[in-house]
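As a plain string of letters, each chain reads:
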Amino acid sequence: MSGLKIVTIGGGSSYTPELVEGFIKRYNELPIKELWLVDIEDGKEKLEIVGELAKRMVKKAGLPIEIHLTLDRREALKDADFVTTQLRVGLLDARIKDERIPLSHGYIGQETNGAGGLFKGLRTIPVLIDITKEMKELCPNAWLINFTNPVGMVTEALLKYGAIDKVIGLCNVPIGLEKSTAKLLGVDFNRIRIDFAGLNHMVFGLNIYLDGNLVTKNVIDKIIESDASSEVKNIDEVKWQKEFLQGLEVLPCSYSKYYFMKDYMLNNELEKFNANGTRAEVVKALESELFELYKDPNLDIKPPQLEERGGAYYSDAACRLINSIYNDKGDIQPVDTRNKGAIADLDYNSAVEVSCIITKDGPKPITIGHLPVQIRGLIQQIKSFEILGAKAAAEGDYNAGLVAMTINPLVQSDKAAKILFDELLEAHKKYLPKFELK
Ligand code: G6P
């Protein structure tokens with residue numbers, strides 16, 4: 001490869017300047033010749049605004065990266081080396097429904113967890129499967145790096161129903177945990193290493209090292225002593241219960257609070273919902289502010305306001321992954337990939353989020369063995385939810401979808417599951433052509 005071609009689908013996203021900044025910072029190691037930002041007709045205006053900002057950023061950096069803006073996905077995909085996906089089927093209005101409908105019935109309304117997460121998966125997976133089919137035809141050697149949520153269920157589906165093997169799911173939560181741990185210990189981020197295992201948004205740090213020495217217990221003690229913390233901006237900083245965290249013995253991510261602190265999280269969400277609406281509505285307002293800033297012809301950097309979004313720093317994760325594949329680095333990074341026996345308690349072919357060695361052949365999961373019993377059952381339950389959700393999405397299987405909803409720990413009632421499933425199905429039917437309304 002000389003001069004890379006990178007394609008970003010959902011290129012009109014407000015997060016794109018972050019990705020562009022990441023590529024600019026690493027240009028010496030990652031010589032990108034072309035960056036294609038692709039969107040759909042409904043995203044055209046955003047694509048043009050963010051695309052012009054990307055061009056100004058590259059110009060400011062004095063780099064010969066060509067930025068192409070297009071609504072023609074096939075044209076963009078031709079001969080690509082890496083394809084990144086950050087699309088949102090139904091835009092933020094669909095996310096509002098994913099959050100609002102469960103909350104209005106007294107259930108957690110969250111973009112990637114519970115009922116809302118399931119429906120985001122049902123809308124997204126068929127689109128991603130189509131993209132893998134086009135990639136097989138137009139750029140069969142390219143890697144697909146997917147950030148589109150719910151990353152766990154989407155990766156599960158692509159490994160099973162997609163047309164290509166070179167698929168990696170990626171999230172900012174593990175890198176966020178590395179950063180927050182470094183901050184807690186007051187050390188540089190590069191001195192921290194964490195053995196991650198679990199699933200997307202249900203990942204745990206089993207062992208934490210500082211300069212190669214095991215410090216897991218010290219980190220847990222520090223979390224207990226510290227004020228509340230969260231590695232992502234979209235989840236409130238809440239203090240863990242001391243005895244619980246001591247007993248857990250591993251580092252949890254903030255998303256696990258939806259399960260371990262279910263009552264608190266639900267009440268907190270309901271209070272905010274009643275006061276300001278859903279997180280999606282807050283994000284929608286933040287997005288319009290961001291796009292107003294992006295329109296300024298004098299702006300040629302990523303504005304700091306973008307860091308208020310939950311996905312902040314995801315480009316660090318994306319760029320370091322692409323860099324390690326391209327340069328065959330053999331370093332360790334947490335990604336979503338096929339288990340291949342690394343976690344003994346999950347299917348060989350299922351998607352897991354786990355520390356991997358990254359080479360030009362992609363991620364090789366590091367063997368974990370059995371998960372600690374404290375987290376094993378919950379992870380297995382969420383994996384069953386993801387497998388059924390992926391099947392429902394790929395095959396338009398109502399029954400599988402309903403069971404997925406029912407076994408999800410944030411629902412767990414056949415009656416509630418049916419009410420939520422049918423209401424969400426009706427609300428999103430435009431984006432769920434595989435389902436016949438029953
Ligand atoms: C977290 C997650 C991302 C998610 C984001 C939502 O960081 O890891 O997967 O996209 O939050 O943030 P938002 O600002 O859209 O609520």
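Residues numbered from 1 in each chain as written. Predicted model: local features only at pLDDT ≥ 70, side-chain atom pairs only at ≥ 80, totals over all residues. Heavy atoms only, no water.

What exactly am I supposed to notice about the overall build of the protein here?
Across its full length, the protein holds 16 helices and 13 strands. Here the C-alpha radius of gyration of the protein, 21 Å, is about what a compact globule of 438 residues would show, namely 22 Å. In the protein, which comprises 438 residues, the share counted as buried stands at 59%. For the protein, contacts bridging at least 24 residues in sequence account for 71% of all contacts bridging at least 6. On the protein, roughly 17,700 Å² of surface is accessible, and the fraction owed to carbon and sulfur atoms is 49%. Here the protein contributes 55 positive and 63 negative side-chain charges, whose respective centroids are spaced 1 Å apart. (Helix = DSSP H or I, 4+ residues; strand = E, 2+ residues; numbered from the N terminus. Rg over C-alpha atoms; globule rule 2.2 N^0.38 Å. Buried < 20%, exposed > 50% of the residue type's maximum accessible area, 1.4 Å probe, protein only. Contact = heavy atoms within 4.5 Å. Areas by Shrake-Rupley, 256 points an atom, 1.4 Å probe, with all protein chains shown as cover. Lys, Arg positive; Asp, Glu negative; His and termini not counted. Charge placed at Lys NZ, Arg CZ, Asp CG, Glu CD.)

What am I meant to see in the packing of helix H4 (residues 91-104) against helix H12 (residues 279-294) here?
When two helices pack together, you describe them by how their axes are tilted relative to each other and by the distance separating the axes. Between H4 and H12, the least distance of the axes is 8 Å, while the angle of their chain directions is 155°. In terms of orientation, H4 and H12 fall into the roughly antiparallel class. Together, Leu 92, Asp 93, Arg 95, Ile 96, Glu 99 and Arg 100 of H4 and Arg 279, Ala 280, Glu 281, Val 283, Lys 284 and Glu 287 of H12 make up the contact between the two elements. Of the residues in the contact of H4 with H12, the class split is four nonpolar, no polar and eight charged. (Axes fitted to C-alpha atoms, helices over the stretch in contact; angles between N-to-C directions. Parallel < 35°, antiparallel > 145°, perpendicular 65-115°, else oblique. Nonpolar A, V, L, I, M, F, W, Y, C, P; charged D, E, K, R; others polar.)

Would you take a moment to explain the pattern of salt bridges for this structure?
Any two side chains of opposite charge can pair, given that their charged atoms come close. Using the criterion set out here, one finds 34 salt bridges in the structure. The shortest N-O distance in the salt bridge between Lys 217 and Asp 221 comes to 3.1 Å. On the criterion of helical spacing, the pair formed by Lys 217 and Asp 221 is a turn pair, its members being four residues apart in helix H8 (residues 216-225). Beyond isolated ion pairs, a larger network of salt bridges with shared partners links Lys 25, Arg 26, Lys 179 and Asp 316. (Salt bridge = Lys/Arg side-chain N within 4 Å of Asp/Glu carboxyl O.)

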